[in-house]
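Each chain, letter by letter, is given below.
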Amino acid sequence: MPMTITEKILAAHTGREKVEPGELINARVDLVLGNDITAPVAINEFEKIGAPGVFDRERVAMVPDHFVPNKDIKSAEQAKQMREFSRKHNLVNYFEVGVSGIEHCLLPEQGLVGPGDLIIGADSHTCTYGALGAFSTGVGSTDLAAAMALGETWLKVPESLKFVFNGELKPWVGGKDLILYVIGDIGVDGALYQAMEFAGTAIEKLSMDGRFSMCNMAVEAGGKNGIIAPDEITRAYVEGRCKRPFKFYQSDPDAGYARVYHYDASLIEPQVAFPHLPENSRPVSEAGQVEIDQSVIGSCTNGRIEDLREAAKVLKDRKVHKNVRLIIFPGTQEIYLQALREGLIEILIKAGAAVSTPTCGPCLGGHMGILAKGERCIATTNRNFVGRMGHPESEVYLSNPAVAAASAILGRIAGPWEVL
Amino acid sequence: MELKGRVWKYGSDVDTDAIIPARYLNTSDPAELASHCMEDADPAFPSGFKTGDIFVAGKNFGCGSSREHAPIAIKAAGVSCVIARTFARIFYRNAFNIGLPIFESPEAAEDIREGDEVMVDVDRGVINNITTGKTYRFAPVPPFMQQIIAAGGLINYVAKKIEAGRGN
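Next up on the list: the nonpolar core. A:Leu348 and B:Val82 are the most contacted members of the largest nonpolar core, which has 195 residues in total. Setting aside residues no more than four positions away along its own chain, A:Leu348 makes contact with A:Ala311, A:Ala312, A:Leu315, A:Ile328, A:Ala353 and A:Val355.

The accessible area lost on association of the parts is a frequent measure of interface size. Between chain B and chain A, the contact holds 35 residues from the first and 46 residues from the second. Among the secondary structure elements, those contributing two or more residues to the side of chain B that touches chain A are α1 (16-19), α5 (89-98) and α8 (154-167) of chain B. A per-element tally of the side of chain B that touches chain A places α5(B) first, with six residues.

Residue and element names in this part refer to chain A. Turning to helix α13 (residues 344-351), its buried residues are Leu 344, Ile 345, Ile 347, Leu 348 and Ala 351. Projection of α13 onto a plane perpendicular to its axis shows the buried side chains occupying an angular sector of 160°, all on one side. Positive backbone phi, at 105°, marks Gly 352, one or two positions downstream of α13.

Let's shift gears to the confidence of the model for chain B. Mean pLDDT over chain B works out to 93, with 99% of the residues at or above the 70 mark. Interface confidence in the predicted complex, given as ipTM, is 0.96; pTM for the same model is 0.97.

Another point: the sheet that holds strand β10 (residues 225-228) of chain A. Residue and element names in this part refer to chain A. If you trace the four strands from one edge of the open sheet to the other, you get β10-β9-β8-β11, paired in parallel fashion. The outermost strands of the open sheet, each flanked by one partner alone, are β10 and β11 (259-264). Across the sheet, the mean angle from the axis of one strand to that of its neighbour is 20°, orientation sign disregarded. Two strands pair when backbone bridges link them, and strand β8 (residues 160-166) and strand β9 (residues 195-199) are joined in this way by five bridges, in the parallel orientation. Its bridge partner lying in β9, Leu 161 is registered against Met 196.

As a further point, take the sheet that holds strand β2 (residues 54-57) of chain B. Residue and element names in this part refer to chain B. If you walk across this open sheet you meet the seven strands as β4-β3-β2-β1-β5-β6-β7, and the pairing is mixed. Taken across any chain shown, the strands that pair with only one partner, and hence form the sheet edges, are β4 (102-104) and β7 (135-137). Going across the sheet, the axis of each strand differs from the next one's by a mean of 25°, ignoring polarity. Pairing geometry for β2 and strand β3 (residues 81-84), over four bridges, is parallel.

Looking at where A:Val97 falls in the secondary structure, it is placed in the loop between β4 (93-94) and α4 (103-109). Sequence spacing of A:Val97 and A:Pro64 is 33 residues, and the spatial spacing of their C-alpha atoms is 7.3 Å.

Cut-off values and rules
Residues numbered from 1 in each chain as written. Chains lettered and ligands numbered in written order. Predicted model: local features only at pLDDT ≥ 70, side-chain atom pairs only at ≥ 80, totals over all residues. Core = buried A, V, L, I, M, F, W, Y, C linked by C-beta atoms within 7 Å. Buried ≥ 20, exposed ≤ 12 C-beta atoms within 10 Å, placed from the backbone. Contact = placed C-beta atoms within 7 Å. Helix = DSSP H or I, 4+ residues; strand = E, 2+ residues; numbered from the N terminus. Arc of directions from axis to C-beta. pLDDT = per-residue confidence, 0-100. Pairing = 2+ DSSP bridges. Axes fitted to C-alpha atoms, helices over the stretch in contact; angles between N-to-C directions.

Below you can see the structure in the form of structure tokens.
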């Protein structure tokens, strides 16, 4: 019986030859994840279970990243609860401020997720790891608590959708643009409960960082997971990095899909998603005159080294517009260091950017870049809901890093070709 | 079980930032979360709400972040249940796990108006709009979800599983 890559990974973690869409399974998890917002709730629930300990102290990752460095006393208490729990249970993968970073940039970088893995995390963007050919999905805190105790979770095997991108990408078009384009096409619930598999010649050539951006936003189409079949690009990333054995799975050629979408990748332009849903995407060239107050480059979607390189390419020897605050936050300390070594940070600061320590802060309106009433922001983040980055009457526009950088220079939404 | 209350009607794609803005996620205290439930999206809600009232919404209710604080805020505010055309995946799981009753019924979600009096007969699978006299059926709860509910939520379900394991 032919299976998709998602079905194969789920079957392997259930000890079965095959699984079918719609089936409920109890699956073994390779890693579970919590952050400083979701872990405190999970820890409280975990204590109620009365389990002797976590199922495996190497497979429970705790990443303080949302409100750290602690933004206020309450956040400090939450981070402390997480730290103390990690110490009590001797968790190997607790990441303190200073060595930490944004969870979905950090865990792949640290070799804690690999091809063929099954991962759940109490964060909706856990779907990012599908870029490595893993099955990964977001859950809530109670699900995390149960998985910390049992080392397994219940899942409904999703139907799969396939998105095939053939053709050569235009300049300045990357994974972020492809996923915004898809969400614009199918809507914010266009893949509700389903697996989103990305394939085609454009995906085969897409870098790892571009693939992370794509799979990261599967949840913004309602998807359960995003996934890309592992190949030589994946192998180059995981070899020597991955701390556990990994396995490459591929979809069978005759596997069943609920629907297959075909796109001519050569026709897709850099995208901007207008307020207040990620599905409101359109080409930058059709954005019109939209003045901005702030530009944010970073997050679990676009906080990786390639994203910073792209931003620096646009900002080199140029200045941020006098009416704009440009805030750049690298995804991890390692990415930050790499950007330093490459001279990118100097370029960004000379252009007038505020470069921040890794944090999820601005993306979710937590801290480090909140918007006032009526303000507009272009951001390489993943959500532009009402009030997402601050005041309910502020606005967020989503784009790739080059567009966010060009917009910071011109003070309005712009393509990089307008400044280069 | 019967749930009865006055309806607060919302549109489609109500996201978890609207249900509980991230600026309040520095606490997990249900009462505190409840006091900010829907405050940006519906300023009338905090003052006009009565315990037992019901949310009725369009498609993809609870989309966005995985924050369990969203269903916790709704439940702790005293909302007796949420009826929607569809629910976002993580919200759906979270609601069951924490014991917030939710029901999928496209017809009810379409028809029912703000301020209607509605009664849900959970066991019979029927939603009754007392104001208009119309009734609707909702999608049956999957058997595994029923097991979780019968156990008193996921945590009790897991605790029993672990307890049973110790006996072996």
